[in-house]
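Summary of structural features
Listed below, chain by chain, are the residues.
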Amino acid sequence: MTEELREYNRRMMREWRARKRQDAAWLAEHRRKECARVSAYYAAHPEKRREHWLKFRSKSGVERRVKERIRHAKKVLARGGIYSPRFWMRKPEWMPVGQAVGDVRSAFFELNMTDEQRAYARELAIERRAAR
């Protein structure tokens, strides 16, 4: 970029910010028009909405899942509770966002537990309940 173009962009952004600060009615009308424009575009091109949504989810999905788990853990600990991760409810990190099927043979699924695993889990739950 040339220096003149940079200066032009800076000046336009200063004017834009000043206009937004001064005129709330204009800003509300501008937002309404933009929402209508985007809605009309997606109404004319329904495949684009899904395409943009899948692109967004593929980029931010894995990070969002991790952040949600951390946020949940902090909330539980702040209330004085005990956080215990539920691996059987968790989508694996290697699983792409939007993929509907995981490994159905996973040992973390309750249906795939052996009788010995169920007995161990029951004994462990009894011990933990007694320890409280």
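Computed from a predicted model, the values in this text were never measured in an experiment. (Residues numbered from 1 in each chain as written. Predicted model: local features only at pLDDT ≥ 70, side-chain atom pairs only at ≥ 80, totals over all residues. Heavy atoms only, no water.)

**Side note on the packing of aromatic side chains**
What the rule picks out here adds up to two aromatic pairs. The interplanar angle of 80 degrees and the centroid separation of 5.4 Å between the aromatic rings of Trp16 and Trp26 together place this pair among those described as edge-to-face. One end of the pair, Trp16, is in helix H1 (residues 3–22); the other, Trp26, is in helix H2 (residues 24–44), and 10 residues separate them in sequence. Note on Trp26: relative accessible area 26%, which makes it partly exposed. Residues Tyr41 and Tyr42 carry aromatic rings whose centres are separated by 5.6 Å and whose planes lie at 65 degrees to one another, so their mutual orientation is edge-to-face. Since its relative accessible area comes to 37%, Tyr41 is described here as partly exposed. One residue, Arg19, lies across the ring of Trp26, its end atom 5.1 Å from the ring centre. (Phe/Tyr/Trp six-rings, centres within 6.5 Å; stacked < 30°, edge-to-face > 60°. Helix = DSSP H or I, 4+ residues; strand = E, 2+ residues; numbered from the N terminus. Buried < 20%, exposed > 50% of the residue type's maximum accessible area, 1.4 Å probe, protein only. Lys NZ or Arg CZ within 6 Å of the ring centre and 35° of its normal.)

**Some details on a positive patch on the surface**
A cluster of basic side chains, namely Arg17, Lys20, Arg21 and Arg31, defines a positive patch on the protein surface. Per element, the largest residue contribution to the positive patch is three residues, and it comes from H1. Looking at where Arg21 falls in the secondary structure, it is placed in helix H1. (Patch = residues over 30% accessible without salt bridge, like charges linked within 9 Å, V, L, I, M, F, W, Y side chains within 5 Å. Areas by Shrake-Rupley, 256 points an atom, 1.4 Å probe, with all protein chains shown as cover. Salt bridge = Lys/Arg side-chain N within 4 Å of Asp/Glu carboxyl O. Lys, Arg positive; Asp, Glu negative; His and termini not counted. Charge placed at Lys NZ, Arg CZ, Asp CG, Glu CD.)

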